[in-house]
Amino acid sequence: MMNKEKYIWEDDRFRKDPYRVPEGYFAGFPDRMMERLNQAVTVKALEKRRVMRPWMAWVSGIAAVLVIGWFGIRTYYWKPLQEVRFQENITLFVDFYGEELHEGRLAGFFEDNKIDIKKQATTEVNELIQIEPDLAEEYIYESVGF
Amino acid sequence: MDRTNDAELINQFRDPAQRDRAFRMILAKYQEKLYWHIRRMILVHEDTDDVLQNTFIKIWKGLPGFRETSGLFTWMYRIATNEAITFLKTRQRERAMIADDPDDMIKGRLKSDPYFDGDELFQKLQVAIDNLPPKQKRVFQMKYFDEMTYEDMANILGTSVGALKASYFHAVRKIQTAFETSD
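Residues numbered from 1 in each chain as written. Chains lettered and ligands numbered in written order. Predicted model: local features only at pLDDT ≥ 70, side-chain atom pairs only at ≥ 80, totals over all residues. Heavy atoms only, no water.

(A) Inspection of the overall build of chain A at higher detail. In terms of regular secondary structure, chain A is built from 7 helices and 0 strands. Mapped in sequence order, the helices and strands of chain A form the string α-α-α-α-α-α-α. Counting over 146 residues, chain A shows a buried share of 27%. Considering only residue pairs separated by 6 or more positions, chain A has 51% of its internal contacts joining residues 24 or more positions apart. (Helix = DSSP H or I, 4+ residues; strand = E, 2+ residues; numbered from the N terminus. Buried < 20%, exposed > 50% of the residue type's maximum accessible area, 1.4 Å probe, protein only. Contact = heavy atoms within 4.5 Å.)

Dropping the structure here:
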């Protein structure tokens, strides 16, 4: 028995998957997927339309100017030590993982640095966007629940 | 992989009038390959279905900016791998909270999956694979189940053929040991 099991990967029956899928799963998957994508696009379009009502556009514009101004001043004059450390850390972090970097690790990194990405999609995230744009974009989408 | 056809599909996807049709073709062409890649990592059908859908949502979002420095399938394969790893990490955290025996959990999940027909021996193989370090696990699955060449694997994982051969060798040794010690 042991000898038989010892060479288990040489036995062809193990290469035949014991896994199955529900009947018609692959035939129906493209339709289900397209429906889900269309729903996501419709929801996004509706949200965009709602968000872009004229008075909201004004409020968002003013808020954006204030936020950008505040962060500009903060970055230029203060440059807190924490931010400098963050820049160094994230560069090391991205270099260290390279191809192995994924959202799970990224989430852990943000957690370790006490960054709530939902509230603080600011300078820290911008740093990441410059270093690893695709991953940052994916992670931001994920975090805001798109 | 058929890169010419893929390039055409990507071009069609970038044209809003042809987007849906092109994406349907991408789905039809690659859904099964990606499904089985994810399934071998995650094991259970329901979870695989969720991860596969999330993978295709990422592909949909990412395709307009896809820089074509690698083949389409290689890029999608990476996204699927990352999605599966993220899922597994979440499950690992839950597993740590429950503090149950991980091997029993895998067997339990397989037994409760109505779309799994494997016997005890195959469950044992899955447990042994699941206990491998992440890189060895991925290399073993790609080589053993997907029967990929080392060259294709090197292209996807961005590593050398020599390193992959070493990883596969270590993985096989560990699985062998797991079988010997479990009896």
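(B) Region of the structure containing the packing of aromatic side chains. Taken as a whole and assessed by the stated rule, the structure comprises 21 aromatic pairs over all chains. Geometrically, the ring pair formed by Phe26(A) and Trp36(B) is tilted, given 6.5 Å between the ring centres and 55° between the ring planes. One end of the pair, Phe26(A), is in helix α2 (residues 25-51); the other, Trp36(B), is in helix α2 (residues 19-42), on a second chain. Comparing Phe26(A) with Trp36(B), the two get one shared label, buried. Three or more aromatic residues link up through ring pairs in this structure, and these residues are Tyr25(A), Phe26(A), Phe29(A), Phe13(B), Phe23(B), Tyr35(B), Trp36(B), Phe56(B) and Trp60(B). When the ring centre of Phe13(B) is taken as reference, the NZ or CZ atom of Arg19(B) above it lies at 4.8 Å. Looking at Lys143(B), its charged tip hangs above the ring of Tyr150(B), at a distance of 4.4 Å from the centre. (Phe/Tyr/Trp six-rings, centres within 6.5 Å; stacked < 30°, edge-to-face > 60°. Lys NZ or Arg CZ within 6 Å of the ring centre and 35° of its normal.)

(C) Region of the structure containing the interface of chain B and chain A. Contacts between the two partners involve 54 residues from chain B and, on the opposite side, 38 residues from chain A. Here chain B meets chain A over a buried area of about 4,600 Å², counting both sides, of which 58% is carbon and sulfur. Salt-bridge contacts for Arg24(B) lead to Asp31(A); the nearest nitrogen and oxygen are separated by 2.8 Å. Counting across the chain B and chain A interface gives 9 residue pairs in polar contact (both at pLDDT 80 or more). Those elements that provide at least two residues to the side of chain B that touches chain A are α2, α3 (45-62), α4 (72-98), α6 (120-130), α7 (134-144), α8 (150-157) and α9 (161-182) of chain B. Counted by class, the side of chain B that touches chain A contains 24 nonpolar, 10 polar and 20 charged residues. (Buried area = accessible area lost by both parts, 1.4 Å probe. Salt bridge = Lys/Arg side-chain N within 4 Å of Asp/Glu carboxyl O. Polar contact = N/O pair within 3.5 Å; in protein donor to acceptor, adjacent residues only side chain to side chain. Nonpolar A, V, L, I, M, F, W, Y, C, P; charged D, E, K, R; others polar.)

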